Amino acid sequence: MTASTSETATAAALALGDDALVLSHRLGEWAGHAPVLEEEVALANIALDLLGQARILLSMAGDEDELAYLREERAFRNLQLVEQPNGDFAHTIARQLYFSTYQRLLYTQLAEGTGPFAPLAAKAVKEVEYHQDHAEQWTLRLGDGTDLSHERMRRATEALWRFTGEMFQPVEGVDVDREGMRAAWLESVGDVLRRATLALPEGPASGAWRAGAGRQGLHTESFGRMLAEMQHLHRSHPGATW
Amino acid sequence: MVTTTALEEELRRLAGSVPDPELPVLTLEELGVLRAVRVHDADSVEVDLTPTYTGCPAIEAMSVDIERVLHEHGIREVAVRTVLSPAWSTDDISDEGRRKLREFGIAPPRGGRPTGPVTVELGPTRTTPSAPRPQQTEPVHCPHCGSADTELLSRFSSTACKALRRCLSCREPFDHFKEL
C-alpha cells in the first residue's frame, strides 16, 4: 500500500470510528437517568455496540486508547450530529433515528464492497438494524402519542435537522454512493416521521459552515465538555489498569 | 486443501469445550464462535475466534480461558486472533446449544433466515393488543411453559444479544436470544 492510500484509509477509519465513539459516550450518559429501567438498558446496549465498532475502527487508525483519550477536540473527525447533547428523551431518539438510518445505509453499502471496512460493516449492519428499529418505534410512540410528546418529538426533529446534511458529504476513503444514500435516507426517515404524524423538517440541513464541519475538526460548544469528562480518568491516571 | 491433523482436532475439542463466560451452560463450540485451530509446531498454536456482537466484552475472557486450557495441555505458545469475517450469526448456535439455552430459561433464537428486527407495534401502555395481529414470523416460545403467547417488553435486555419478553400464559418474564 502506498503512503497516500494508507493515509486515506487512516483518515476514513478515524471519521467512522469517531462517530461511533462519540455517540457511544453520549448514550452512556443516560445510565442512571433514563425514563425507565428497560430503556436505560437498551441505550447502554446500543452504546456498547457502538463502542465495539469504535474499537475496531480506531485500531485500524492507530492505538485505540491513545486516539480516544489523548486527542484534542480539533483532532476528532466525528459528525457534529453525534456530539449533540442528549437533551430530553425526544432529542436522543431523534438523534438515534437520523444517525442509525444513515449508518445502516452506509454499512449496507460498505458491506457489499471489497474495501477495508467490509468485514466490520457486514457484522455491524445487523446490530444497527436493531438500533434503527428501536429509534423508529420510539419516534412513532412519541410522535403519535400525547400532545406533549408530539410537541417534544417535533421540536427535537427540527432542532437536529441542520446537522443532518453533513452525513452526506463525501469522506475520502469511504467509497459509497452518497447521493443514493441521501435519497434513501430521506425516504426512510420521511416515512417514519409521517407515520408518527410528524413531517420532515424544512430549512437548511447544514449550518453556515458548508465544508464538512465535524469532519474538518470543527465542533460545537458542548463537545469540549463531553471530551473533558470522557478523557479525564485516563489523563489523570495514565496507563492505569484493573 | 486444508487438512486437519489429529493434534489440531484434539486441541479444537479442548478449546471448544471452554464454557461461555456469560452463559456458562454453553460451550464455545455450541455457541459457534470458534473458527479454527492451527498448530504451527509442537508447542505453538493459533486460534481464530469470532465475536457474537461487535462490542461483546466476553471475547477477552474467552481468549484468556482458551489460552489457559491449551497451556494446561502443554502448549507453550497460544495466540488467539479475533476474526470478523464471515460475521457470526445466531444460526451458528448448534441444536444442542439451543436446547441448553431453553433449559437455562432463555428462549433460543428462531432458526433460519430472515433475521433482523421484528416489527412490533407499541401502544401507550404495555398490554396485549385488543385484536390479535397476524403473526409475521414464527412466535417466540416461553422457555418455562412452552406457550407461544409471549410479548416483547424491551428490544435490549441484560446483554445486547438478548431481548426481554414476558409470557402471557405463565406470566414469567424471560430473555430471548435475538436473531442476528
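None of these values were measured; they are calculated from a predicted model.

1. Some remarks on the interface of chain A and chain B
Then comes step 1: Each partner contributes residues to the interface: chain A has 25 residues there, and chain B has 35 residues.
Then comes step 2: Carbon and sulfur atoms supply 61% of the area that chain A and chain B bury against each other, a total of about 2500 Å² over both sides.
Then comes step 3: If you sort the residues of chain A by the area they bury against chain B, K123(A), K126(A) and Y130(A) come out on top, with a joint share of 30%.
Then comes step 4: On the surface where chain A and chain B come into contact, there are 2 salt bridges.
Then comes step 5: Measuring nitrogen to oxygen at the nearest pair gives 3.2 Å for the salt bridge that ties E60(B) to R55(A).

2. Quick look at helix α4 (residues 95-103) of chain B
Since the α-helix turns once every 3.6 residues, residues separated by three or four places project in the same direction.
Residue and element names in this part refer to chain B.
Then comes step 1: Taken residue by residue, α4 has G97, R98, K100 and L101 as its buried positions. Take α4 and look down its axis: the buried residues cluster within an arc of 165 degrees, on one side only. Those residues of α4 that are exposed and angled more than 90 degrees off the buried face are D95 and E103.
Then comes step 2: Its buried side turned inward, α4 meets α2 (28-31), β4 (106-107) and β7 (173-177).
Then comes step 3: G105 sits one or two positions beyond α4 and adopts a positive phi of about 95 degrees.

3. What about the sheet that holds strand β1 (residues 34-41) of chain B?
Residues and elements named next belong to chain B.
Then comes step 1: A sheet is described by the order of its strands in space; here 3 strands give the open sequence β1-β2-β3, paired in mixed fashion. One side of each edge strand has no neighbouring strand; the edge strands of this open sheet are β1 and β3 (77-82). Strand-to-strand twist in this sheet, taken as the mean axis angle between neighbours without regard to direction, amounts to 15 degrees.
Then comes step 2: Relative to β3, strand β2 (residues 44-49) runs parallel, the two sharing 6 bridges. Following the sheet pairing, V45 is matched in β3 by V78.
Then comes step 3: Against the sheet, helix α1 (residues 6-16) engages β1 and β2, with an angle of about 135 degrees to β1.

4. Focus on the pattern of salt bridges
All names here are of chain B.
Then comes step 1: A complete count under the given rule lists 27 salt bridges over all chains for this structure.
Then comes step 2: Residue K100 pairs with E30 through a salt bridge whose shortest N-O separation is 2.8 Å. Of this pair, K100 sits in helix α4 while E30 sits in helix α2; the two residues are 70 residues apart in sequence, bridging distant segments of the chain. As far as the burial class goes, K100 and E30 line up, both buried.
Then comes step 3: With its nearest N and O atoms 3.0 Å apart, the salt bridge here joins D48 to R81. In this pair, D48 sits in strand β2 while R81 sits in strand β3, placing the two residues 33 residues apart along the sequence.
Then comes step 4: Among the ionic contacts, a cluster of salt bridges with common partners joins R38, E46, D48 and R81.

5. Brief notes about the pairing of β7(B)
All names here are of chain B.
Then comes step 1: Burial within β7 is extensive, with 4 of its 5 residues counted as buried.
Then comes step 2: In this sheet, β7 lies alongside β4 in parallel orientation, the contact comprising 2 bridges. Its bridge partner lying in β7, A107 is registered against H176.
Then comes step 3: The pairing of strand β6 (residues 162-167) with β7 spans 5 bridges and is classified as antiparallel. Residue R165 lies in a different strand from β7, and its bridge partner there is F174.
Then comes step 4: Where β6 hands over to β7, the hairpin turn is made up of 5 residues, of which R171 adopts a positive phi near 70 degrees.

6. Section: the confidence of the model for chain B
Caution applies to low-pLDDT parts of the model: their predicted coordinates are not meant to be read in detail.
Then comes step 1: Averaged over all residues, the pLDDT of chain B is 86; the fraction at 70 or higher stands at 84%.
Then comes step 2: pLDDT under 50 marks residues 126-135 of chain B. Its contacts with residues more than four places away, or in other chains, come to 8 contacts.

7. A look at the confidence of the model for chain A
Then comes step 1: The predicted model of chain A has a mean per-residue pLDDT of 93, with 96% of residues at 70 or higher.
Then comes step 2: Element-level mean pLDDT values for chain A span from 91 in helix α1 (residues 3-28) of chain A up to 98 in helix α5 (residues 89-112) of chain A.

8. Overview of the domain arrangement of chain B
Residues and elements named next belong to chain B.
Then comes step 1: Under the domain assignment used here, chain B contains domain 1 (6-82) and domain 2 (105-180).
Then comes step 2: With both sides pooled, the region where domain 1 packs onto domain 2 buries about 520 Å², and carbon together with sulfur makes up 78% of that total.
Then comes step 3: Of all residues in domain 1, the largest losses of buried area upon contact with domain 2 belong to E22, L23 and Y53, amounting jointly to 83% of the total for that side.
Then comes step 4: Viewed at the interface, domain 2 and domain 1 are joined by 0 salt bridges.
Then comes step 5: Partitioning the side of domain 1 that touches domain 2 into residue classes produces 3 nonpolar, 1 polar and 1 charged.

9. Some thoughts on the pairing of β1(B)
All names here are of chain B.
Then comes step 1: Taken together, the 6 bridges between β1 and β2 define a ladder with antiparallel strand orientation. Across the sheet, residue L34 finds its bridge partner in β2, namely L49.
Then comes step 2: Here β1 hands over to β2 after 2 residues, the two strands then running antiparallel side by side.

10. Focus on the packing of aromatic side chains
Then comes step 1: Across all of its chains, the model carries 10 aromatic pairs over all chains by this definition.
Then comes step 2: Seen in terms of ring centroids, W30(A) and F89(A) are 5.9 Å apart; in terms of plane orientation they differ by 80 degrees. Their pairing is edge-to-face. Taken together, the positions of W30(A) in the loop between α1 and α2 (37-61) and F89(A) in helix α5 put the pair 59 residues apart, joining distant regions of the chain. For the pair W30(A) and F89(A), a shared accessibility class is recorded, and that class is buried.
Then comes step 3: Here the aromatic rings of W88(B) and F177(B) are separated by 6.3 Å at their centres, their planes lie at 50 degrees, and the arrangement is tilted. Pair noted here: W88(B) is in the loop between β3 and α4 and F177(B) is in strand β7, with a separation of 89 residues, a long-range link. Judged on exposure class, the residue W88(B) and its partner F177(B) are both buried.
Then comes step 4: Against the face of F156(B) rests K178(B), its NZ or CZ located 3.9 Å from the ring centre.

What counts and what doesn't
Residues numbered from 1 in each chain as written. Chains lettered and ligands numbered in written order. Predicted model: local features only at pLDDT ≥ 70, side-chain atom pairs only at ≥ 80, totals over all residues. Heavy atoms only, no water. Contact = heavy atoms within 4.5 Å. Buried area = accessible area lost by both parts, 1.4 Å probe. Salt bridge = Lys/Arg side-chain N within 4 Å of Asp/Glu carboxyl O. Buried < 20%, exposed > 50% of the residue type's maximum accessible area, 1.4 Å probe, protein only. Helix = DSSP H or I, 4+ residues; strand = E, 2+ residues; numbered from the N terminus. Arc of directions from axis to C-beta. Pairing = 2+ DSSP bridges. Axes fitted to C-alpha atoms, helices over the stretch in contact; angles between N-to-C directions. pLDDT = per-residue confidence, 0-100. Domains from an automatic or database assignment. Nonpolar A, V, L, I, M, F, W, Y, C, P; charged D, E, K, R; others polar. Phe/Tyr/Trp six-rings, centres within 6.5 Å; stacked < 30°, edge-to-face > 60°. Lys NZ or Arg CZ within 6 Å of the ring centre and 35° of its normal.

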